[in-house]
Amino acid sequence: MAVSADADFKTRLQNWIPKLVLSPSIAMMTVFVYGFILFSVYLSFTDSRILPTFGWVGWENYDKLWRLSHWETSLINMGIFASLYIVICTCIGLGLAIFLDQKIRGEGLLRPIYLYPMALSFIVTGTAWKWFLDPGIGLENVMQTWGWESFEFDWIKDRNFAIYTVVLAAVWQTSGFVMAMFLAGLRGIDNEILRAAQMDGASNWNLYRRIIIPQLRPAFLSAFVILSHLAIKTFDLVIALTGGGPGRATELPATFMYSYTFTRNQMGIGAASATIMLMTIAAIMIPYLYAELREKR
Amino acid sequence: MSQATQDTAIRTGRVTRTLIYLVLLLFGLFYLLPLYVMLVNSVKPLEEITGGGMMNLPQVFTIEPWLKAWSSAQIGVDPTGLKPYFWNSIKMVVPAVIVSTILGALNGYVLTKWRFKYDTILFGLMLFACFIPFQIVLIPMARMLGIIGLAGTTWGLALVHVVYGIGFTTLYFRNYYAVFPTELIRAAQIDGAGFFQIFWRILLPSSGPIAVVSIIWQFTNIWNDFLFGASFADANSQPMTVALNNLVQSSTGVKEYNVHFAGAILAAMPTLLVYIVAGRYFVRGLMAGSVKG
Amino acid sequence: MRKLLKTKSVIVAGLLCTSSLVHAEEVEVLHWWTSGGEAAALNVLKDDLSGQGIGWTDMPVAGGGGEQAMTVLRARVTAGNAPTAVQALGFDIQDWAAQGALADLNDVAAQEGWDEVVPDALKAFAKHDGKWVSAPVNVHSTNWVWANKAVLDANGIAPPTSWDEFVAAVETLKGAGVTPIAHGGQAWQDATIFDAVVMSTLGPDGYKAAFIDLDEEVLGGEAMKEAFDRMAFIRDNVDENFSGRDWNLATAMVINGEAGFQMMGDWAKGEFLNAGKVPGQDFLCFRFPGTAEQVTFNADQFMMFDQGGSVSEEQAALASAILSPSFQSAFNVVKGSVPARTDVSDADFDDCGKQGMKDLAAAAASGNLFGSMAHGHAAPASVKNAVYDVVTAHFNGEYDSETAVTELVDAVSIAK
């Protein structure tokens, strides 16, 4: 009798251990992520300015937010930036991975060169990029002193093009990382299938298009998650490279939110923009996560 | 796993190969360019930099900026250089990386091998948490640290980094363990092995590759973080990035670009080292785990 | 929901009682003065305190003219871990005082007679509800023009005293192939020029109505449109590569004779001096044309955070050290600004510094001392940044003057 009760306790303990192990993480997440999100949503309906205060103002902050023309600018910039950044990084990453997978001599040397930008923060590389893009001292100047007089590259000074320089620097930072993810995917593909297809006379182009790239689907998905997460959090880069300028031409939602919350003492509007940003992220990520995680079952 | 290091079976012609090499080299140059700019300018005297020609090799080579950035540059009132802040960063990064990796491994283990109702939803929530912009958590987080008495301490900073890192570490380990044969676990269970025994004896020994990925990811993110470091540290726990920012962003006065660049490279040294040393295992680890989505 | 609200109010109550972890006999100072000269000046303060047996814990956070430091401050106060003393500007001080977070310095102030020696315009920021809450360090004035004397002489230009003369001088320089105006295209720099242009175009009364009283009629008026037109003229006479440039690089253009003028606050002087230039010989400093009588200012101060109801001994010592004439002189000679108290001897200052002190005293006496909009001393941060948005958009060609005026009214009304 006693033995069985003991065993019973043990099994029950065994059943509980996994949940116990998980619980600190769950608790932290509930408080530090979802609790804080709720708090921030709540703040967006208050008159908070320098510190959180709790006078209810209804939709006033949202109303003000949509009257601000550079909130719109920042949303449009986000659209341009995120789509270009994700697409270009994926293309370059995939291309480099395929090329690097062709039994390249010196792969061991090239790989860390492609990867290292991910190791640096933009507080570090921002200045270098700023110099490089500056027409007065950077690429334009160098090309001109090397004799290409008509060379022009002044995007960073042009409010219609400045956002593309942000894309350029961001692509520089992460495309190598994406390359590593695709390379890992390519190395996992079964060569037997390829050999069989080669026997059937398939061209390299067709091999990639019909067999290899479709098999990389998981890598595409991981790349998408990582890239979109980085795109949303892009902040240091804009601050270091353009400071949101020329004018407010390279403002992104993250910089907008930060400036309203912390430098303009309009925490309510900052929280409202954060709420909209979170809802947008949720609208994109939830269907994706749902589809991804369901499939596993 | 036997194919781990195998190259593709695709064959290419000579012209194509030359082109491939050319493209690869060009991209190599593209990636190296900013580092080159930083390096050459960190060993020039200041007059040479302000004189223009940022791509030129130094006419006069000097190591002075590096020494200055490390040990005598003005960070605040004291000319301490970056040195003391380096240790602050280490003290924050090491525990944060270790704890978040361990938690991620355990979470991944539970979520794949001890499944329960709604576990996918829980995981989904954890994953979504990776996407919140950090700017919105600053104020509530500061309050929370104040309440638990960790405000302004290295431990408080480490805690913050653990909290916002476990989403990714869990993702990595979960995907890695998902393809680990469950039969082995079941067999061990029948043999009477408990939860931790199974983890310790069976899963952990083969977790090397994904642990590398998780450690590299966490190490770089935490080392490079500025926002949390600036907001939650006090005078005795400010990390390297904050000091670097103080060096580079000084509001008025002469900007010593050569010292700035030297400082920037110094601040990036640990992460660069991690990438160069562990980079090989990185691709292997990615291949083994996270890519399986 | 009610329960939630209750928790919230507890949090607020907690926020307001800030306590410090710093040990007695020590001050922790949050500031953004990290460049060599500034740090050297702060060291004067540090040594003064250590002479009284008080330690100094340094907490520097540079970036964006204190923006980064203010974020940090907010986190520290929210965590209940406020630093002892914090460098601050203008309206931020009043905002913190309104939160009840600052200590009352009236005893020290009375003892040392601050009320008599600090100009009223400064007291408006340093005092809240009749209580001294911060110790002013300096007064920067922002409506200066810096010029390369050799360039001006070579083209036969005397320092312009009116807008028309300024236009003529600019045209002459342009004709001579010199960049007339050196400028860095960052929002705060655009706004610094705008301050001076508005002062000169609308006059002191108009400046006050627009930027301090935020009168929508003046903000949207014809004269404001004229001010924007003048900004457009200035925009046409900067070099092509101005966008994003740091102010000190623009100053370097004047130093090297690539450009004639720069409109910038008095901190630009340090750059000239560092380059071995002598005021009056190599470079000239004069008030922006049409603002000879006026001074627009910003002032660095140190707020003292409440340490549980009273001012600690260390804070009192720090505050009195900051206001001591010897520190005021030593610090401001280095920084390029002028002392916050008007009774300090100008013996150690150079020509530009002497003139700055004289101008300040005169402007304070005649009611011509105004807070600078661009530097957060005319209106709160929200309004300041709203003005930035419009000015910088106009300067970069996004709006014409007509649109800019309408946008300005709208932006200010959202921010108010």
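Residues numbered from 1 in each chain as written. Chains lettered and ligands numbered in written order. Predicted model: local features only at pLDDT ≥ 70, side-chain atom pairs only at ≥ 80, totals over all residues.

A. Representation of the interface of chain A and chain B in the model. Counting residues at the interface gives 81 residues for chain A and 75 residues for chain B. Here the side of chain A that touches chain B gets 15 residues from one element, more than from any other, and that element is helix H1 (residues 2-43) of chain A. Its residues placed into classes, the side of chain A that touches chain B shows 57 nonpolar, 16 polar and 8 charged. (Contact = placed C-beta atoms within 7 Å. Helix = DSSP H or I, 4+ residues; strand = E, 2+ residues; numbered from the N terminus. Nonpolar A, V, L, I, M, F, W, Y, C, P; charged D, E, K, R; others polar.)

B. Seen up close, the interface of chain C and chain B. Between chain C and chain B, the contact holds 35 residues from the first and 28 residues from the second. Counting residues per element, the ones that place at least two in the side of chain C that touches chain B are helix H2 (36-51), strand S2 (55-60), helix H3 (67-78) and helix H14 (268-274) of chain C. A class-by-class count of the residues in the side of chain C that touches chain B yields 14 nonpolar, 16 polar and 5 charged.

C. Local environment of the domain arrangement of chain B. All names here are of chain B. Partitioning chain B into domains gives domain 1 (14-62) and domain 2 (83-292). Counting residues at the interface gives 7 residues for domain 1, matched by 7 residues for domain 2. Mapped onto the side of domain 1 that touches domain 2, the elements with two or more residues apiece are helix H1 (14-42) and helix H2 (46-50). With 4 residues, the top contributor of residues to the side of domain 1 that touches domain 2 is H1. Per-class residue counts for the side of domain 1 that touches domain 2 are 4 nonpolar, 2 polar and 1 charged. (Domains from an automatic or database assignment.)

D. The arrangement of the domain arrangement of chain C in detail. Residues and elements named next belong to chain C. Domain annotation of chain C identifies domain 1 (20-139 + 298-361) and domain 2 (141-296 + 369-415). Relative placement of domain 1 and domain 2: their C-alpha centres are 28 Å apart. Contributions of two or more residues to the side of domain 1 that touches domain 2 are made by helix H4 (90-98), helix H7 (120-126) and helix H17 (351-366). In terms of residues, the side of domain 1 that touches domain 2 owes the most to one element, H17, which gives 5 residues. Tallied by class, the residues present in the side of domain 1 that touches domain 2 amount to 8 nonpolar, 7 polar and 4 charged.

E. Focus on the packing of helix H6 (residues 138-147) of chain B against H3(C). At a closest axis distance of 7 Å, the pairing of H6(B) and H3(C) adopts a crossing angle of 40°. By the angle between their axes, H6(B) is oblique relative to H3(C). Relative to H3(C), the crossing made by H6(B) is right-handed. Across the interface between the two elements, Leu138(B), Ile139(B), Ala142(B), Arg143(B) and Gly146(B) of H6(B) pack against Arg74(C), Ala75(C) and Thr78(C) of H3(C). Among the residues making up the contact of H6(B) with H3(C), the classes are represented as 4 nonpolar, 2 polar and 2 charged. (Axes fitted to C-alpha atoms, helices over the stretch in contact; angles between N-to-C directions. Parallel < 35°, antiparallel > 145°, perpendicular 65-115°, else oblique. Left-handed = near helix turned anticlockwise from the far one by under 90°.)

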